[in-house]
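Architecture at a glance
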Amino acid sequence: MSAYNQTLTCACAFAAEGRIEEWIHTYLCSDGHNKPFSDGLKLAKRFYIGPVQMPLALFRRCCGPEEDMKWRTDAESFRRHVAFLETAVQNNADLPPLLIQYSSDGFTLTDGNHRWEAYHRIGLETCSVIVWGTGKADEAAFRLAYEAYLKN
């Protein structure tokens, strides 16, 4: 049984062991610094798929210094964190996957806004994500859409 760390490699190992939900909650309550999100996920039965590779262009940030962001942050601290992550990515760091909610409304980036911005600035086209959602219908719809994506 794998021991936790915040890396994509570890998330993949937990997924292979059928423990991806455990990895997500451990990550959010420790390295991810987002226990309220973990607590919110626990309020309903969720599905979790991944980590899988998906196009970065499917997602948009909801956190940052811009006025239209749902979760506003300090511009200078955002810039510093993204610059740090850009360097880490360029040095092949094993960063955690993004967490993406899938629903009938589409995709919502729920964790990894700084990583998304670093990937975007570097020009990556795909990234590793864990997709989560609520309900069998959304899970089935995502699986069909992802199968179609893989065939193209």
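Here, the structure is the one placed above.
On a predicted model such as this, the values are computed, not experimentally measured, just so you know.

Within the chain one finds six helices and six strands. Ordering the α and β elements of the chain from the N terminus gives α-α-α-β-β-β-α-β-β-α-β-α. Taking 152 residues into account, the globule formula puts the C-alpha radius of gyration at 15 Å, and the chain, at 15 Å, falls close to it. Along the three orthogonal principal directions, the C-alpha set of the chain runs to about 40 × 35 × 30 Å. Relative to its full complement of 152 residues, the chain shows a buried share of 43%. Long-range contacts, defined here as pairs at least 24 residues apart, represent 64% of the contacts in the chain between residues at least 6 apart. In the structure as shown, the chain presents an accessible area of about 8500 Å², 53% of it carried by carbon and sulfur atoms. In the chain, which carries 16 positive and 19 negative side-chain charges, the distance between the mean positions of the two groups comes to 3 Å.

Packing of helix 4 (residues 75-90) against helix 5 (residues 113-122) brings their axes to within 8 Å, and their N-to-C directions diverge by 60°. As far as their axial angle goes, helix 5 and helix 4 are oblique. Like other packed secondary-structure pairs, helix 4 and helix 5 cross with a definite hand, here right-handed. For the pair helix 4 and helix 5, contact is made by F78, H81, V82, L85, E86, V89 and Q90 and by H114, R115, E117, A118, Y119, R121 and I122, respectively.

The next thing to look at is the sheet that holds strand 1 (residues 47-55). Here we have four strands laid out as an open sheet, ordered 1-6-4-5, and mixed in their pairing. Single-partner strands in this sheet number two, and they are strand 1 and strand 5 (106-111). If you compare each strand with its neighbour and ignore which way they point, the axes differ by 35° on average. One ladder, built from seven bridges, connects strand 1 with strand 6 (residues 126-133); its direction is antiparallel. Opposite Q53, over in strand 6, you have S128 as the bridge partner.

Rules behind the numbers
- Residues numbered from 1 in each chain as written.
- Predicted model: local features only at pLDDT ≥ 70, side-chain atom pairs only at ≥ 80, totals over all residues.
- Heavy atoms only, no water.
- Helix = DSSP H or I, 4+ residues; strand = E, 2+ residues; numbered from the N terminus.
- Rg over C-alpha atoms; globule rule 2.2 N^0.38 Å.
- Buried < 20%, exposed > 50% of the residue type's maximum accessible area, 1.4 Å probe, protein only.
- Contact = heavy atoms within 4.5 Å.
- Areas by Shrake-Rupley, 256 points an atom, 1.4 Å probe, with all protein chains shown as cover.
- Lys, Arg positive; Asp, Glu negative; His and termini not counted.
- Charge placed at Lys NZ, Arg CZ, Asp CG, Glu CD.
- Axes fitted to C-alpha atoms, helices over the stretch in contact; angles between N-to-C directions.
- Parallel < 35°, antiparallel > 145°, perpendicular 65-115°, else oblique.
- Left-handed = near helix turned anticlockwise from the far one by under 90°.
- Pairing = 2+ DSSP bridges.

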